[in-house]
Amino acid sequence: VTGLDGAGQAGQQPPWWAALPPAEMEITCGQARHTIRWADGELVLPAHPDAEAELILGALGGDKCECTELAAVWRRHHDDLALLALGPRSAADEIGITWDEISTVSSSKWAFGLQGPAVSARDVRRALTTTGLAYSPLTGQWAAPPGGVPESGRLELLTLLALGPAFGMRLAATVAAAWSGAARAADRAANRPALTAALASRFALAAGAWAGMEAGQLTASLHEGPGWGSLEHTGQAASGPASSYPEGGLANGAYPDAGWPEGGWLDGKFQRGGLRAWLAQVWAAGLTVVEGHLVLAVQAARWPAAEVLALRGLGGTPVTLQVRAADPAAGDAARSGGSRWQVAG
Amino acid sequence: VDTERAETWLRLMAEAGLRRALQSEPDAALAYLPRVRAVAAALAAVGAIEPERAAAITGDLAAALELRLGAGRGKPPPLAQVPPASLVAFAAGPPPSLAPRRGPAERSGEMHAVPVGQMLVLRDEYMTADVWVLSLVRTPGRALFTVSARTNAASPFGLHLPPFTRIHAVDHRGNSYRVRPYGRHAMGETIGWLSIQPRPPTGTPWLEFYPAGGKSCIRVDLATPAGTARVAAEPGAPDDPAGRLLDAAAMDLLGGLEPGHHAGHGHLTGYLAAALAAAGALPPGSPAAGRLAGLCQRTGATAGRRLVAALEVGIIPAVELPAPWTSVLTYFGRRHWPPAQQGVAPLAVVLPELDGIRFLLTGLIADADGTRLSVAALGLPHSDHHDELTMPWIHWFPWWVKDSSGQCHLAELDSLRAEGGDFSVLVLRLVPPLPRSVTRLEVIVPGKAVRLRVTIPLSWAQPQDGGQ
């Protein structure tokens, strides 16, 4: 397919960001309003052409500005799995936190120590819960759980999530892509539960309605192998891999008062490439379901066009589809998490 | 145990909770969080996941929910409605009796007990109280009497108020002692303790209690020999943390059968069993799963419907329920229950050390509210007697009582109070209550590898036996 990155080059995948349009927003930087821009997998600062030098100067005691600080935070969390745990599950997943609230949270770190600016009890409680601290009835004090994300790290994550869904989806894609490289096989093995949960939650939400199932009936797993992976549908609920005791216990949560769920189970078995191909390229770009097709992988792309591998229905064979963003000029993709896509031709 | 599967299971469960928030079911999402925490605690308890990692996962879920349900919406923080996490405290160690609390002060000392069974009558201008002094407990650091009191006034009068606080004691040499009362008080009924300060020296033959005004007193003989209980140690069941946990869940269901008392976490049975099995902590064909499923089937517990379904299709093996369980089930299945015992029975039974813990049975108090067993303990862990699973400590190592009529009773934790050092006092409620005319009890106290079988003759005290 002419003009699509990755097409026609055997064994080569398109860049993970190829189906994602650029995104922009303005932030306050010093006394000015500056644009921050995400494009081609990178966060760029048009108002700071030599951001790297500014960062170094800032680290050495020079002036720091919000734009470069933000870029540094983005870079620090480019492979932070906690982002996948806290961040958006879909473009519609609204994470309603603002930078003003982040500022309150930051302040309340000191307010908690009965110093610094006055904040309300609600602010403090809010800050403590969102930063992962817990109230201990035994000690009567708030305390950070051991092993949790350090408070400063959590605050940085909240800062990034406050950038809005467009940036949140792109950052999640960045993290997924960072974990899909061949060199990180050992890391993946050590963190397979977190990666599996990140995949499964997003896959279940995206594919559940397409499959006519409750999200709780969809599972996903991560494997090391070629290709993107496979889908396995188990129609016989009581004997399927996910429904048989013990695994069916999770459905016990989904169906606390019912028997075996109708419709069976759908298990997405994602290969290493599928982590990148589906989470970074399909999910983040809003390509999960296009006109009734479940998109499994992007074979080639240059936004607003893409060539995808997709399924028409359960039990079918994947087909190659050409798709296009429905209204690339509207800018909705830049504001929200993903584009609306349609089958081209 | 498959740690990877355990962590995956917990994370997927957390995602299921978050999904409820995404599907505009905030109440369901908040209700789900304690379940995730309970499963996290269960997996940590059986060594299927590092406690810190479990805490991080539940912490991430809490934060993710907060971001969806509270942030930026001008609403109060939703997690304020959710019971706080004490997972860290729970996960600091295995179930209680496996990790006894060791305090330097009294750990190496001995416990002694003296049966008393006398009544002290207290009167002031506001109320009258009949105080049964059941028995004396002495450790190297303290001396205290178990008491059961009935006042003519309902709450708020309690042991912390006069006339209880105006009692003092005197020994044979004329030495005076402060008497500090404390305990559990509700609606005119009190089960508690009178702490004697300072501790009377060893060899003190008696103490006299003087209420306010000093007009009447009782003399308590401190040299009375302890009771004639017979204690036998038997091999316990092979240690199986996951099975123990499921049995603990079963104890919660059984304890909740009594009218007016509710199971704390019976709704978690399906979640716990599934998570443990997923983690490989429960072997295929686990009899513990079969027992729990069978109990859910017998009691009709809706929360165990999934387990019952698995039992019915043969995924979980059908096993015979233990005889004590059946005894309790049979009792509550009757249309009419036998009249319950009323009165008090002093006890002074010091048990041998069990997994580093010494228990001392100090008395039975039977009234309209049921039958309670008063107990003192050295070495019982304090921090996790109520864990993240909302299971009281005793469900992990359930005490069973078999009375002289053959009826079995489950001992439920009614209250537990840490007294400093490694000393605790606790009150256990017997489910069902003891019937009348019980003359002997057999108390089974399980430990990790050994269980104690204690046979105790009972002598119920009547009001005319005591006070002066």
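Remember, predicted model here, so these are calculated numbers, not experimental data. (Residues numbered from 1 in each chain as written. Chains lettered and ligands numbered in written order. Predicted model: local features only at pLDDT ≥ 70, side-chain atom pairs only at ≥ 80, totals over all residues. Heavy atoms only, no water.)

Draft legend 1. A look at the sheet that holds strand β12 (residues 370–378) of chain B. All names here are of chain B. Strand order in the open sheet formed by 9 strands is β9-β17-β16-β13-β14-β15-β12-β11-β10, and the pairing between neighbours is antiparallel. The strands lining the two open edges of the sheet, one partner per strand, are β9 (230–235) and β10 (343–350). When the angles between neighbouring strand axes are averaged without regard to direction, this sheet yields 25 degrees. Taken together, the 9 bridges between strand β11 (residues 358–367) and β12 define a ladder with antiparallel strand orientation. Looking at β12, one finds that Gly 363 is bridged to Ser 374. Across the sheet, helix α5 (residues 241–255) is in contact with β13 (400–403), β14 (408–418) and β15 (423–431); its angle to β14 comes to roughly 100 degrees. Helix α9 (residues 323–333) rests against β13, β14 and β15 of the sheet, and its axis sits at about 95 degrees to β14. (Pairing = 2+ DSSP bridges. Helix = DSSP H or I, 4+ residues; strand = E, 2+ residues; numbered from the N terminus. Axes fitted to C-alpha atoms, helices over the stretch in contact; angles between N-to-C directions. Contact = heavy atoms within 4.5 Å.)

Draft legend 2. Spotlight on the sheet that holds strand β11 (residues 305–311) of chain A. All names here are of chain A. If you walk across this open sheet you meet the 5 strands as β9-β10-β11-β12-β13, and the pairing is antiparallel. The open sheet has two edge strands with one neighbour each: β9 (289–290) and β13 (341–343). Its contacts with the sheet place helix α9 (residues 192–211) against β9, β10 (293–302) and β11, and it is angled at close to 120 degrees to β10.

Draft legend 3. Structural view of the layout of surface pockets. All names here are of chain B. Roughly 810 Å³ of volume is contained in the largest pocket. The wall of the largest pocket is formed by 31 residues, among which Ala 237, Asp 247, Pro 398, Trp 400 and Arg 451 lie closest to the centre. Among the secondary structure elements, those contributing two or more residues to the lining of the largest pocket are α5, α7 (287–299), α9, β13, β16 (440–446) and β17 (450–457). Top element by residues in the lining of the largest pocket is α5. It accounts for 4 residues. Here the residues of the lining of the largest pocket sort into 17 nonpolar, 4 polar and 10 charged. (1 Å grid on protein atoms, 1.4 Å probe; cavity = no way out; pocket = protein on both sides within 12 Å on 5 of 7 lines; lining within 4 Å. Points joined across faces, edges and corners; volume = space filled by probe spheres on them. Nonpolar A, V, L, I, M, F, W, Y, C, P; charged D, E, K, R; others polar.)

Draft legend 4. Spotlight on the packing of aromatic side chains. In this structure the tally under the stated criterion is 12 aromatic pairs over all chains. Arranged with centres 5.7 Å apart and planes meeting at 85 degrees, the rings of Trp 16 of chain A and Trp 17 of chain A form a pair that is edge-to-face. Exposure remark for Trp 16 of chain A: the relative accessible area of 10% places this residue in the buried category. The exposure class assigned to Trp 17 of chain A is partly exposed, which follows from its relative accessible area of 27%. Pairwise contacts between aromatic rings join Trp 16, Trp 17 and Trp 38 of chain A into one cluster. Lying across the ring of Tyr 32 of chain B, Arg 20 of chain B places its NZ or CZ 4.2 Å from the centre. Taking the ring centre of Trp 206 of chain B as reference, the NZ or CZ of Arg 219 of chain B above it sits at 3.6 Å. (Phe/Tyr/Trp six-rings, centres within 6.5 Å; stacked < 30°, edge-to-face > 60°. Buried < 20%, exposed > 50% of the residue type's maximum accessible area, 1.4 Å probe, protein only. Lys NZ or Arg CZ within 6 Å of the ring centre and 35° of its normal.)

Draft legend 5. Main features of the environment of Leu 321 of chain A. All names here are of chain A. Counting through the fold element by element, Leu 321 comes out in strand β12 (residues 319–325). When the C-alpha positions of Leu 321 and Gln 299 are compared, they lie 9.5 Å apart, and in sequence the two are 22 residues distant. With residues near it in sequence (within four places) discarded, Leu 321 still touches His 293, Ala 306, Glu 307, Val 308, Ala 310 and Val 343.

Draft legend 6. Structural view of the environment of Leu 434 of chain B. Turning to its location among the elements, Leu 434 of chain B is positioned in the loop between β15 and β16. Between the C-alpha atom of Leu 434 of chain B and that of Thr 228 of chain B, which follows or precedes it by 206 residues, the distance is 20 Å.

Draft legend 7. Molecular detail of unusual backbone geometry. A cis amide bond, omega 20 degrees, links Trp 303 of chain A with the succeeding residue Pro 304 of chain A. With respect to the helices, strands and loops of the structure, Pro 304 of chain A is situated in the loop between β10 and β11. Pro 198 of chain B follows Gln 197 of chain B through a cis peptide bond whose omega is -5 degrees. Locating Pro 198 of chain B in the fold gives a position in the loop between β6 (189–197) and β7 (206–210). With a phi angle near 55 degrees, Asp 40 of chain A is a residue other than glycine that sits in the positive phi range. At Ser 437 of chain B, a position not held by glycine, the phi torsion is positive, near 65 degrees. You can see Ser 437 of chain B is positioned in the loop between β15 and β16.

Draft legend 8. A look at helix α7 (residues 165–178) of chain A. Taking 1.5 Å of rise per residue, the 14 residues of α7 of chain A would be expected to cover 20 Å, and the 20 Å separating its terminal C-alpha atoms lies within 8% of that figure. α7 of chain A sits mainly inside the fold: 13 of its 14 residues count as buried. (Expected span 1.5 Å × (residues − 1).)

Draft legend 9. Quick peek at the nonpolar core. Ranked by size, the top nonpolar core spans 167 residues in total, and within it Leu 287 of chain A together with Leu 43 of chain B carry the most contacts. Setting aside residues no more than four positions away along its own chain, Leu 287 of chain A makes contact with Ala 19, Gln 281, Val 282, Val 295, Val 298, Val 308, Val 323 and Trp 341 of chain A. In this structure, Leu 373, Ala 377, Trp 399 and Leu 416 of chain B belong to the second largest nonpolar core, which totals 34 residues. (Core = buried A, V, L, I, M, F, W, Y, C linked by side-chain atoms within 4.5 Å.)

Draft legend 10. Inspection of the side chain of His 409 of chain B at higher detail. All names here are of chain B. Mapped onto the secondary structure, His 409 falls in strand β14. Assessed through its relative accessible area of 0%, His 409 is described here as buried. Separated by 2.5 Å, the side chain of His 409 and the backbone oxygen of Pro 432 make a polar contact. Excluding anything up to four places from it in sequence, His 409 contacts Trp 399, Trp 400, Val 401, Asp 403, Leu 430, Val 431, Pro 432, Pro 433, Leu 434 and Pro 435. (Polar contact = N/O pair within 3.5 Å; in protein donor to acceptor, adjacent residues only side chain to side chain.)

Draft legend 11. Spatial organisation of the confidence of the model for chain A. All names here are of chain A. Residues with a pLDDT of 70 or more make up 69% of chain A, whose mean pLDDT is 73. Within the model, the stretch residues 107–150 combines pLDDT values under 50 with 74 contacts to residues more than four positions away or in other chains. Between residues 237–261, whose pLDDT stays under 50, and residues either more than four places distant or in other chains, the model counts 62 contacts. (pLDDT = per-residue confidence, 0-100.)

Draft legend 12. Examining the packing of helix α1 (residues 3–22) of chain B against helix α2 (residues 26–45) of chain B more closely. All names here are of chain B. Interhelical geometry of α1 versus α2 gives an angle of 170 degrees and a closest axis separation of 7 Å. Relative to α2, the element α1 is oriented roughly antiparallel. Judged by residue contacts, Ala 6, Trp 9, Leu 10, Met 13, Ala 14, Ala 16, Gly 17, Arg 20 and Ala 21 of α1 engage Pro 26, Ala 28, Ala 29, Tyr 32, Arg 35, Val 36, Val 39, Ala 40 and Leu 43 from α2. Considered class by class, the residues forming the contact of α1 with α2 number 15 nonpolar, 1 polar and 2 charged. (Parallel < 35°, antiparallel > 145°, perpendicular 65-115°, else oblique.)

Draft legend 13. Quick peek at the pairing of β15 of chain B. Residue and element names in this part refer to chain B. Counting buried positions over the 9 residues of β15 gives 9, a clear majority of the element. What you see with β15 is no split at all: Phe 423, Val 425, Val 427, Arg 429 and Val 431 on one side and Ser 424, Leu 426, Leu 428 and Leu 430 on the other are buried throughout. As paired strands, β12 and β15 are joined by 8 bridges and run antiparallel to one another. Residue Leu 378 lies in a different strand from β15, and its bridge partner there is Phe 423. In this sheet, β15 lies alongside β14 in antiparallel orientation, the contact comprising 8 bridges. Counted as the bridge partner of Leu 410 is Val 431 from β15. The hairpin turn running from β14 into β15, its antiparallel successor, is 4 residues long, and Gly 420 in that turn takes a positive phi close to 95 degrees.

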